[in-house]
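If you want the building blocks of each chain, they are given just below.
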Amino acid sequence: MLSKRMEEAINDQIQREFESAYIYLSMAAYFDSINLPGFAHWMKIQFQEEQAHALKFYEFVYDRGGKVVLKPLGQPPVEFQSPVDAFEQTMAHERRITGHINDLYALAIEEKDFASQSFLQWFVEEQVEEEKNASDILEMLKRVGDHYHTLLMIDRELAQRPAPAETQADTASE
Ligand code: FEO
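A short tour of the structure in this document, coming up. (Residues numbered from 1 in each chain as written. Predicted model: local features only at pLDDT ≥ 70, side-chain atom pairs only at ≥ 80, totals over all residues. Heavy atoms only, no water.)

**Focus on the packing of aromatic side chains**
No. 1: With the rule as written, the count across this model stands at twelve aromatic pairs.
No. 2: Centroid distance F57 to F123: 4.1 Å. Interplanar angle 20 degrees. Geometry classified as stacked. Here the residue F57 occupies a position in helix α2 (residues 37-63), and F123 occupies one in helix α4 (residues 114-144), the gap between them amounting to 66 residues.
No. 3: F57 sits in the buried class, given a relative accessible area of 0%.
No. 4: What makes F123 buried here is its relative accessible area of 0%. (Phe/Tyr/Trp six-rings, centres within 6.5 Å; stacked < 30°, edge-to-face > 60°. Helix = DSSP H or I, 4+ residues; strand = E, 2+ residues; numbered from the N terminus. Buried < 20%, exposed > 50% of the residue type's maximum accessible area, 1.4 Å probe, protein only.)

And the structure:
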């Protein structure tokens with residue numbers, strides 16, 4: 001059984017995951033508006049991943065006898081100065097999310113909630129991946145500078161990002 005504190009903390013995290021999805025969909029809209037469909041595709045996949053994260057937490061709350069309470073989502077950012085700006089915001093956002101996952105893990109340790117610790121381990125590892133993905137693209141973009149041709153090459157590469165089938169399969173099987 002989830003403690004009330006852990007239940008509330010996870011409900012807050014469900015809200016953050018949906019807010020993350022909303023932010024990345026807003027970034028997808030920005031990239032579509034400047035005709036970079038590969039970047040927009042990458043952000044739409046990110047949008048799907050964040051919803052899968054939210055659902056993973058959702059299922060866990062019910063698996064542990066808790067109650068999901070959905071909260072309102074804030075207005076996502078809508079103005080971006082450049083692709084670099086969007087990925088700098090992505091990087092900063094993922095670092096904040098990592099901090100929240102770490103806080104959840106610390107709470108699970110404090111409460112001697114071993115099932116939550118085990119569950120959260122997946123998210124600890126996922127955040128390493130999330131930060132690395134954003135950081136790799138940000139570094140590439142910084143090197144590209146004003147070379148539009150290279151930007152289009154990156155756009156074509158990002159268009160290949162596969163759908164998060166594994167994450168969805170994990171969620172579906174739980
Ligand atoms: Fe759900 Fe991007 O972390």
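**Some details on the nonpolar core**
No. 1: Judged by nonpolar contacts, the single largest core of 23 residues is most densely connected at M27, F31, F39, M43, F87 and I137.
No. 2: Those elements that place two or more of their residues in this core are α1 (4-33), α2, α3 (83-110), α4 and α5 (148-158).
No. 3: Sorting elements by how many residues they give to this core places α1 first, with six residues.
No. 4: In this structure F31 touches L36, F39, A40, M43, P83, A86 and F87, once residues within four positions along its chain are discounted. (Core = buried A, V, L, I, M, F, W, Y, C linked by side-chain atoms within 4.5 Å. Contact = heavy atoms within 4.5 Å.)

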